[in-house]
Amino acid sequence: MSGAIVVGGASGIGLASAKVLAAEGFTVSVADVNADAARAAAASIGGTAITMDVTDEDSVADGFGKLDDLRVVVSCAGLSLPGAIAELGLEQWQTTIDVCLTGSFLVLKHAAQHIVDGGSVVVISSLNARQPGAGMAGYCAAKAGVTTLVEVAALEFAPRGIRVNAIAPGFIDTPLTAGVALVPGLLGEYIENTPLGRGGRPEEIADMVAFLASDKAAWITGAAFDVNGGAHLRRYPDVLGKVRAMMAPSG
Ligand code: NAP
């Protein structure tokens, strides 16, 4: 059985991807900064847990060093620390860039050193790579960077037959987006701006991961796929405006 690693695989889209890849017969390693959650996720799919912090190169190198016959790498770790640019702390900006952009770079770097020729790398980007959201500067900038990073990696890895692609999900119900439901009207604005009229499920991204990992995608590299119910055709919700309205003193 060939090996797959899902980085950020203990939760949400990563966990769904790990499940689909395990069901397709891969030996799956679940890597995550949250060691307990990684262990639980790995146990649920008969895989192996790796504690990995994508912002720490030694940790990423150690994790990839444990893998044999690595054919598929999924880079899923992410977070968003929102705030208006005028008030955003440098630390918040830096953390978002470190996890979402530098973390993707480190995963690609160590994937290149361990993946077999002909393998496939899938990086989870975001609708925010192309659609700006007020209050989401670090996240939008990081995800836009991820799109170009994936294109560069696709060029560099192609001589070994290794494909590198990005998936740009729209709103997906995961722990990352749990706060959306707490802001009055915000979830409704996401849905209004999604032509297919609903948010997505982690499994709907995982199915695209499995396709890109498979030989059915043998001639696809350097691409970014919108999986978002058509949300890229409308506008991003006014997250900052809705949060400010919620915080404003009433009366
Ligand atoms: P999630 O459920 O929070 O999963 C993200 C996982 O990454 C968590 O297990 C998290 O651990 C882990 N992680 C965070 N920092 C890490 C680090 N430094 N090193 C290793 N792992 C780390 O979120 P999700 O919604 O599935 O998001 C997965 C990816 O999809 C992210 O890249 C996100 O930006 C992207 N995405 C999500 C949506 C959406 O609507 N949900 C839309 C577009 C793109 P902790 O829980 O311990 O932090």
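Residues numbered from 1 in each chain as written. Predicted model: local features only at pLDDT ≥ 70, side-chain atom pairs only at ≥ 80, totals over all residues. Heavy atoms only, no water.

**Student:** Could you give me a rundown of the site of the ligand, with the residues and numbers involved?
**Tutor:** With respect to spatial proximity, 28 residues lie near the ligand, and among them S11, I13, D32, Y139 and T174 are the closest. In the environment of the ligand, an oxygen atom lies 2.6 Å from a nitrogen or oxygen atom belonging to the side chain of S11. Between the ligand and the protein, one listed contact pairs an oxygen atom with a backbone N or O atom of C76 at 3.1 Å. When the ligand sits alone it has 890 Å² of accessible area, and the protein chains cover 87% of it. Classifying every residue of the shell around the ligand by side-chain character gives 14 nonpolar, 11 polar and three charged. (Near = heavy atom within 4 Å. Polar contact = N/O pair within 3.5 Å; in protein donor to acceptor, adjacent residues only side chain to side chain. Areas by Shrake-Rupley, 256 points an atom, 1.4 Å probe, with all protein chains shown as cover. Nonpolar A, V, L, I, M, F, W, Y, C, P; charged D, E, K, R; others polar.)

**Student:** Run through the nonpolar core, naming residues and quoting values.
**Tutor:** If you look at the biggest cluster of nonpolar residues, it comprises 28 residues, and the most contacted ones within it are I5, V7, M52, F64, V73, V121 and V164. Listed by contribution, the elements that provide at least two residues to this core are β1 (3–7), α3 (57–65), β4 (70–75), α4 (90–114), β5 (115–124), α5 (137–157) and β6 (163–169). Here this core gets six residues from one element, more than from any other, and that element is α4. With residues near it in sequence (within four places) discarded, V121 still touches V73, L108, I115, I162, R163, V164 and N165. In this structure, V6, L15, A42 and I167 belong to the second largest nonpolar core, which totals 26 residues. (Core = buried A, V, L, I, M, F, W, Y, C linked by side-chain atoms within 4.5 Å. Buried < 20%, exposed > 50% of the residue type's maximum accessible area, 1.4 Å probe, protein only. Helix = DSSP H or I, 4+ residues; strand = E, 2+ residues; numbered from the N terminus. Contact = heavy atoms within 4.5 Å.)

**Student:** With reference to specific residues and values, describe the packing of aromatic side chains.
**Tutor:** Evaluated as defined, the whole model comprises two aromatic pairs. Between F171 and Y190 the ring centres are 4.9 Å apart and the planes differ by 40 degrees, which places this aromatic pair in the tilted class. Of this pair, F171 sits in the loop between β6 and α6 (186–192) while Y190 sits in helix α6, and the two are 19 residues apart along the sequence. Geometrically, the ring pair formed by Y190 and Y236 is edge-to-face, given 5.4 Å between the ring centres and 90 degrees between the ring planes. You can see Y190 sitting in helix α6 and its partner Y236 sitting in the loop between β7 (224–227) and α8 (239–247), a full 46 residues away along the chain. Of the residues examined, Y190 reaches a relative accessible area of 9% and is grouped as buried. (Phe/Tyr/Trp six-rings, centres within 6.5 Å; stacked < 30°, edge-to-face > 60°.)

**Student:** Talk me through the sheet that holds β5; I want residue IDs and the actual numbers.
**Tutor:** If you trace the seven strands from one edge of the open sheet to the other, you get β3-β2-β1-β4-β5-β6-β7, paired in parallel fashion. One side of each edge strand has no neighbouring strand; the edge strands of this open sheet are β3 (48–51) and β7. Recorded for the sheet is a direction-independent mean angle of 20 degrees between the axes of neighbouring strands. The sheet contact formed by β6 and β7 spans four bridges and is parallel. Paired with P169 across the bridge in β7 is V227. Strand contacts of helix α1 (residues 12–23): β1, β2 (27–32), β4, β5 and β6, with the helix running at about 170 degrees to β1, the strand carrying the most contacts. Sheet contacts for helix α7 (residues 202–213): β4, β5, β6 and β7; angle to β6, the most-contacted strand, approximately 165 degrees. (Pairing = 2+ DSSP bridges. Axes fitted to C-alpha atoms, helices over the stretch in contact; angles between N-to-C directions.)

**Student:** Please give an account of empty space enclosed by the protein that cites residues and values.
**Tutor:** Here the structure, examined in full by the defined rule, presents one cavity of 30 Å³ or more. Here the largest cavity is characterised by a volume of approximately 60 Å³. Looking at the largest cavity, the residues that line it are L127, Q131, G170, F171, Y190, N193, T194, N228, A231, R235, Y236 and P237. Classifying every residue of the lining of the largest cavity gives six nonpolar, five polar and one charged. (1 Å grid on protein atoms, 1.4 Å probe; cavity = no way out; pocket = protein on both sides within 12 Å on 5 of 7 lines; lining within 4 Å. Points joined across faces, edges and corners; volume = space filled by probe spheres on them.)

**Student:** Describe in detail α1, supporting the description with residues and values.
**Tutor:** Here α1 is 12 residues long and its end C-alpha atoms lie 17 Å apart, about the 16 Å a rise of 1.5 Å per residue gives. In terms of residue burial, α1 counts as a mostly covered element, since nine of its 12 residues are buried. Buried within α1 are the following residues: G12, I13, G14, L15, A16, S17, A18, V20 and L21. (Expected span 1.5 Å × (residues − 1).)

**Student:** Lay out the layout of surface pockets in plain terms, naming residues and giving numbers.
**Tutor:** The computed volume of the second largest pocket comes to approximately 200 Å³. As for the second largest pocket, its lining consists of 13 residues, of which R198, G200, E204, N228 and G229 are closest to the centre. Of the residues in the lining of the second largest pocket, the class split is five nonpolar, six polar and two charged.

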